[in-house]
Amino acid sequence: MSLLEAQLGKASADHRWLYFSGMTADEVILFKGFDSDSSRATGVMHTAFDDPTAQGGSPRASIESRFFAFFD
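Residues numbered from 1 in each chain as written. Predicted model: local features only at pLDDT ≥ 70, side-chain atom pairs only at ≥ 80, totals over all residues. Heavy atoms only, no water.

**Q** I'd like a description of the overall build of the protein chain, backed by residues and values.
**A** Check the secondary structure of the protein chain and you find 0 helices and 0 strands. Its C-alpha atoms give the protein chain a radius of gyration of 16 Å, more than 25% over the compact-globule value 11 Å for 72 residues. Expressed along its principal axes, the backbone C-alpha trace of the protein chain runs to roughly 45 × 30 × 30 Å. Within the protein chain, buried positions represent 1% of all 72 residues. Working note: accessible area of the protein chain is about 8,300 Å², and carbon and sulfur atoms make up 54% of it. Taking the 6 positively charged and 10 negatively charged side chains of the protein chain as two groups, their mean positions are separated by 5 Å. (Helix = DSSP H or I, 4+ residues; strand = E, 2+ residues; numbered from the N terminus. Rg over C-alpha atoms; globule rule 2.2 N^0.38 Å. Buried < 20%, exposed > 50% of the residue type's maximum accessible area, 1.4 Å probe, protein only. Areas by Shrake-Rupley, 256 points an atom, 1.4 Å probe, with all protein chains shown as cover. Lys, Arg positive; Asp, Glu negative; His and termini not counted. Charge placed at Lys NZ, Arg CZ, Asp CG, Glu CD.)

Okay, here's the thing in structure tokens:
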């Protein structure tokens, strides 16, 4: 038996979209996917898109890593 967990998003005018157009190769975006404080939001919907105005850039690269930190 396998278990599948997924998140789905529905478009809303309340959403805030951010575009990091000036990132360099030595910068990273970190998405926090869990917090033991259940009053805080967890999970981040994210996507990629083709930018027809981009000139001379490198192809998009993505590396996914998952880390866990537990504190007493």
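On we go.
**Q** Can you break down the packing of aromatic side chains residue by residue, with the values?
**A** Per the counting criterion, the structure on display carries 1 aromatic pair. Here the aromatic rings of F68 and F70 are separated by 6.5 Å at their centres, their planes lie at 5 degrees, and the arrangement is stacked. Of the residues examined, F68 reaches a relative accessible area of 71% and is grouped as exposed. (Phe/Tyr/Trp six-rings, centres within 6.5 Å; stacked < 30°, edge-to-face > 60°.)

**Q** Summarise the environment of S39; cite the residues concerned and give the values.
**A** Classification of S39 by relative accessible area gives exposed; the value is 63%. As a C-alpha pair, S39 and M23 span 16 residues in sequence and 31 Å in three-dimensional space. One polar contact links S39 to D37, side chain to side chain, over a distance of 2.6 Å. (Polar contact = N/O pair within 3.5 Å; in protein donor to acceptor, adjacent residues only side chain to side chain.)

Function cannot be inferred from these measures alone, as they are strictly geometric.
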